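Residue-level listing of the chains:
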Amino acid sequence: MAEEKSEPSRHVAYYRQAKDLALGQHPLSKYGPPLLLVFDALLTSLIISKVAYTEIDWKAYMEQVEQYVNGEHDYTKIKGGTGPLVYPAAHVYIYWILYHVTDKGKNVLLAQRIFGILYLSTIGTVMACYRRAKAPLYIFPMLVLSKRLHSIFVLRLFNDCFAVFFLWVAIYFFQRRFWTIGSMAYSWGLGIKMSLLLALPAIGVILFLSRGVGGSFKQAWLMIQLQIVIAFPFMANLMGYLSRAFEFSRQFLFKWTVNWRFVGEDVFLSREFSVSLLVGHISTLILFATTRWLRPAEKPISELLRNALKFEEPGGKMQHAISIRISPNYILTTILTANAIGILFARSLHYQFYAYIAPATPFLLWRSGLHPVLQYAFWAVQEWAWNVYPSTDASSMVVVGILFLTVASVWWGTRHDFVNPKGEGAASKRWT
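From a predicted model like this one, the values you see are computed outputs, not experimental measurements. (Residues numbered from 1 in each chain as written. Predicted model: local features only at pLDDT ≥ 70, side-chain atom pairs only at ≥ 80, totals over all residues. Heavy atoms only, no water.)

### Describing the overall build of the protein
Phase 1: Within the protein, the regular secondary structure consists of 20 helices and two strands.
Phase 2: By principal-axis analysis of the C-alpha atoms, the protein measures approximately 80 × 60 × 45 Å.
Phase 3: For the protein, contacts bridging at least 24 residues in sequence account for 77% of all contacts bridging at least 6.
Phase 4: When the accessible surface of the protein is totalled, it reaches about 20,300 Å², and 66% of it is carbon and sulfur.
Phase 5: Separation between the mean location of the 41 positive side-chain charges and that of the 25 negative ones in the protein comes to 6 Å. (Helix = DSSP H or I, 4+ residues; strand = E, 2+ residues; numbered from the N terminus. Contact = heavy atoms within 4.5 Å. Areas by Shrake-Rupley, 256 points an atom, 1.4 Å probe, with all protein chains shown as cover. Lys, Arg positive; Asp, Glu negative; His and termini not counted. Charge placed at Lys NZ, Arg CZ, Asp CG, Glu CD.)

Here is the structure:
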């Protein structure tokens, strides 16, 4: 009789241990991320050895770098098989190294192995950021199971891989409150590809609240200085460099779009559609900034702006307390949300843009408060949509739909976050 009674209690104990493990509260939970990373290393090695490499931009990168090596420093004259050079100069320097290491780009297998190391370094950094934000262990497997993300890194060799890596390095150092290192990492990533501009509004808010007016301006000036240093070899035609490296008027081809195919080519190419996306992007950023991101200040926005315009600390005498509230969770949530908003309203997404989405999706779905089953379901549907080639009306609707759902659910799921409950002080759980 006693044994029969002990059986259910044993099952309950096992269930609680499994739940604690999944939530990251079990002593063994700390071994989950390293084990997943080891698994991913084996998977990545298998992919490199068994799956055929697909040439898309690698040869063009090498052709462009070769012109730079031969002395061409006019950005408007550097071209490759897929068109002109349209990335900032840090891209040139990174692929200049790869050009020499891989025998002028001929040793593609070596390049794949280098990108394999880059991929694992990126996933490892993402996991470190997740852990600092106290994300549960059960969302970590989604980081290592993306077919498209592996493809972008080790089968395509896109420059987005380096940009994404430095974005996550920046997030990690911001979480550690090493503001200058984080700013430099972010600026270097921006110097690889201007897609990182999507995260800039959130980084601006984070620096504004944590460092105040003077400190945030200092970080901004350091970022600008690094961009000047990066561009220095191309200063002979500075306007040509800026117009190519940061080209905002670029025309997008409907045949390559992953996200807006379902609206039709006429709508996609229309100016009205472009303007509506820009208005939607700005409006959503303002919504999040005013209702979520500025909450740690616990002051009216008008007062924050008034103090900033006077070059006074935005939080006044409470500035130090506000700075403490900028937690690792807040930093990760804010930057990833800004990035998701920008991608949602992007005029056109190509497949390599999934490198910005895949590492962020598990965390954002968790922050939305959705049930874990729904988190995995939406992740799986999104993964399916990004693996449909070429994109279809259905797959593009799913791409946009999941991005919209993610942004909207994060806004709703964080409605009680970053608010200091009365009587609990700055150490409230909501800051973690």
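### Overview of helix α13 (residues 271–293)
Phase 1: When the terminal C-alpha atoms of α13 are compared, their 31 Å separation across 23 residues agrees well with the 33 Å that a helix rising 1.5 Å per residue should span.
Phase 2: Buried residues of α13: Phe273, Leu277, Gly280, His281, Thr284, Leu285, Phe288, Ala289, Arg292 and Trp293, and no others. (Expected span 1.5 Å × (residues − 1). Buried < 20%, exposed > 50% of the residue type's maximum accessible area, 1.4 Å probe, protein only.)

### Points about the side chain of Glu383
Phase 1: When you line up the elements, Glu383 lands in helix α19 (residues 372–386).
Phase 2: Excluding anything up to four places from it in sequence, Glu383 contacts Ser146, Lys147, Arg148 and Tyr354.

### Some details on unusual backbone geometry
For residues besides glycine, phi is generally negative; the peptide bonds are generally trans as well.
Phase 1: Put simply, Tyr389 and Pro390 share a cis peptide bond, and its omega is -10 degrees.
Phase 2: Residue placement: Pro390 occurs in the loop between α19 and α20 (393–413).
Phase 3: Look at Lys104: it is not a glycine, yet its phi comes out positive at around 60 degrees.
Phase 4: Tracing the backbone through its elements, the reader meets Lys104 in the loop between α4 (89–101) and α5 (108–132).
Phase 5: You will see that Lys134, though not glycine, has its phi angle at about 60 degrees, which is positive.

### A few points about helix α8 (residues 160–175)
Phase 1: Taking 1.5 Å of rise per residue, the 16 residues of α8 would be expected to cover 22 Å, and the 22 Å separating its terminal C-alpha atoms lies within 8% of that figure.
Phase 2: Most of α8 is tucked away: 14 of the 16 residues are buried.

### What about the packing of helix α16 (residues 328–344) against α20?
Phase 1: Put simply, α16 and α20 touch, their axes get as near as 10 Å, and they point 145 degrees apart. Handedness of the α16/α20 crossing: left-handed. Side by side, α16 and α20 meet where Thr337, Ala340, Ile341, Ile343 and Leu344 of the first sit next to Val400, Leu403, Phe404, Val407 and Val410 of the second.
Phase 2: Taken together, the residues that form the contact of α16 with α20 break down as nine nonpolar, one polar and no charged. (Axes fitted to C-alpha atoms, helices over the stretch in contact; angles between N-to-C directions. Left-handed = near helix turned anticlockwise from the far one by under 90°. Nonpolar A, V, L, I, M, F, W, Y, C, P; charged D, E, K, R; others polar.)

### Points about the nonpolar core
Phase 1: Among the nonpolar cores identified, the biggest contains 130 residues, and Tyr95 and Tyr130 are the most heavily contacted of them.
Phase 2: Discounting chain neighbours no more than four positions away, the residues touching Tyr95 are Trp58, Tyr61, Met62, Val65, Phe115, Leu157, Phe158, Asn159 and Phe162. (Core = buried A, V, L, I, M, F, W, Y, C linked by side-chain atoms within 4.5 Å.)

### Observations regarding the pattern of salt bridges
Phase 1: A complete count under the given rule lists three salt bridges for this structure.
Phase 2: For the salt bridge of Asp160 with Lys193, the shortest nitrogen-to-oxygen distance reads 2.8 Å. Taken together, the positions of Asp160 in helix α8 and Lys193 in the loop between α9 (179–190) and α10 (200–231) put the pair 33 residues apart, joining distant regions of the chain. Note on accessibility: Asp160 and Lys193 belong to one class, buried.
Phase 3: Here Lys299 ties to Glu303 by a salt bridge, and the two come within 3.4 Å at their closest N and O atoms.
Phase 4: Residue classification places Lys299 among the partly exposed positions, given a relative accessible area of 24%.
Phase 5: Judged by relative accessible area, which is 23%, Glu303 ranks as partly exposed. (Salt bridge = Lys/Arg side-chain N within 4 Å of Asp/Glu carboxyl O.)

### Describing the environment of Ser183
Phase 1: Along the chain, the position of Ser183 falls in helix α9.
Phase 2: Sequence-wise, Ser183 and Trp221 are 38 residues apart; in three dimensions their C-alpha atoms are separated by 9.9 Å.
Phase 3: In contact with Ser183, not counting residues within four places along its chain, are Phe174, Leu207, Gln219 and Met223.

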